[in-house]
Amino acid sequence: MMLLQQKQSAFALHVARLIVHANELGFDVTLGETFRPRDRATKTSVHPLRLAIDLNLFSGGKYLTRTEDHAELGVWWKRQHPLARWGGDEFIVLVRNVP
């Protein structure tokens, strides 16, 4: 079983790869929220554990807000790690069940 710090490190590495992949596909990415206190998070959110990130995706300078706009990256993300989850399924998160 991975320790929380190991999960956070793996998550950070995979987010970096996701951003590079998005750029290779022609998207621009800015960083959204990575940490969210428990009192501002949903019950299932792993933002309080620093295992989630909200990414802002742009194409041709246009901010992409529809789930469909992110789907290609979401599918790619989920293939990168057995614990990877996508926020079109909710927001980009790496793990749901942390001890």
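Residues numbered from 1 in each chain as written. Predicted model: local features only at pLDDT ≥ 70, side-chain atom pairs only at ≥ 80, totals over all residues. Heavy atoms only, no water.

Caption draft 1: A look at the packing of aromatic side chains. Tallied over the full model, the rule gives 2 aromatic pairs. Aromatic side chains Phe11 and Trp77 sit 6.0 Å apart centroid to centroid with 85° between the ring planes, which places their arrangement in the edge-to-face category. One end of the pair, Phe11, is in helix α1 (residues 4–24); the other, Trp77, is in helix α2 (residues 67–78), and 66 residues separate them in sequence. Classification of Trp77 as buried rests on a relative accessible area of 0%. Positioned above the aromatic ring of Phe35 is the side chain of Arg50, whose terminal nitrogen or guanidinium carbon lies 4.1 Å from the ring centre. (Phe/Tyr/Trp six-rings, centres within 6.5 Å; stacked < 30°, edge-to-face > 60°. Helix = DSSP H or I, 4+ residues; strand = E, 2+ residues; numbered from the N terminus. Buried < 20%, exposed > 50% of the residue type's maximum accessible area, 1.4 Å probe, protein only. Lys NZ or Arg CZ within 6 Å of the ring centre and 35° of its normal.)

Caption draft 2: Representation of unusual backbone geometry in the model. Not every positive phi belongs to a glycine, and Arg50 is a case in point at roughly 60°. Counting through the fold element by element, Arg50 comes out in the loop between β1 (28–31) and β2 (55–59).

Caption draft 3: Main features of the confidence of the model for the protein chain. For the protein chain, per-residue confidence averages 85 on the pLDDT scale, and residues scoring 70 or more make up 90% of the total. Of the regions scoring below 50 in pLDDT, residues 91–99 engages in 43 contacts with residues more than four places distant in sequence or in other chains. (pLDDT = per-residue confidence, 0-100. Contact = heavy atoms within 4.5 Å.)

Caption draft 4: Representation of α1 within the structure. Taking 1.5 Å per residue as the helical rise, α1 with its 21 residues ought to reach 30 Å, and the 30 Å between its terminal C-alpha atoms agrees with that figure. Those residues of α1 not exposed but buried are Lys7, Ala10, Phe11, His14, Val15, Leu18, His21 and Ala22. The arc that holds the buried residues of α1, viewed along the axis, is 145°, so those residues lie on one side. Pointing more than 90 degrees away from the buried face of α1 are the exposed residues Gln5, Asn23 and Glu24. The inward-facing, buried residues of α1 abut β1, β2 and α2. (Expected span 1.5 Å × (residues − 1). Arc of directions from axis to C-beta.)

Caption draft 5: Spatial organisation of the pattern of salt bridges. On inspection of all chains with the given rule, the structure shows 5 salt bridges. Arg66 is paired through a salt bridge with Glu68; the nearest N and O atoms lie 3.4 Å apart. By relative accessible area, Arg66 is classed as partly exposed at 49%. The class of Glu68 is exposed, set by a relative accessible area of 54%. Three or more residues joined by partner-sharing salt bridges are found here, namely Glu33, Arg36, Arg40 and Asp54. (Salt bridge = Lys/Arg side-chain N within 4 Å of Asp/Glu carboxyl O.)

Caption draft 6: How the structure looks around the pairing of β2. Taken together, the 4 bridges between β1 and β2 define a ladder with antiparallel strand orientation. Across the sheet, the residue bridging to Leu31 is Leu55, located in β2. Hairpin connection from β2 to strand β3 (residues 62–64): 2 residues lie between these consecutive antiparallel strands, with Gly60 at a positive phi of about 60°. (Pairing = 2+ DSSP bridges.)

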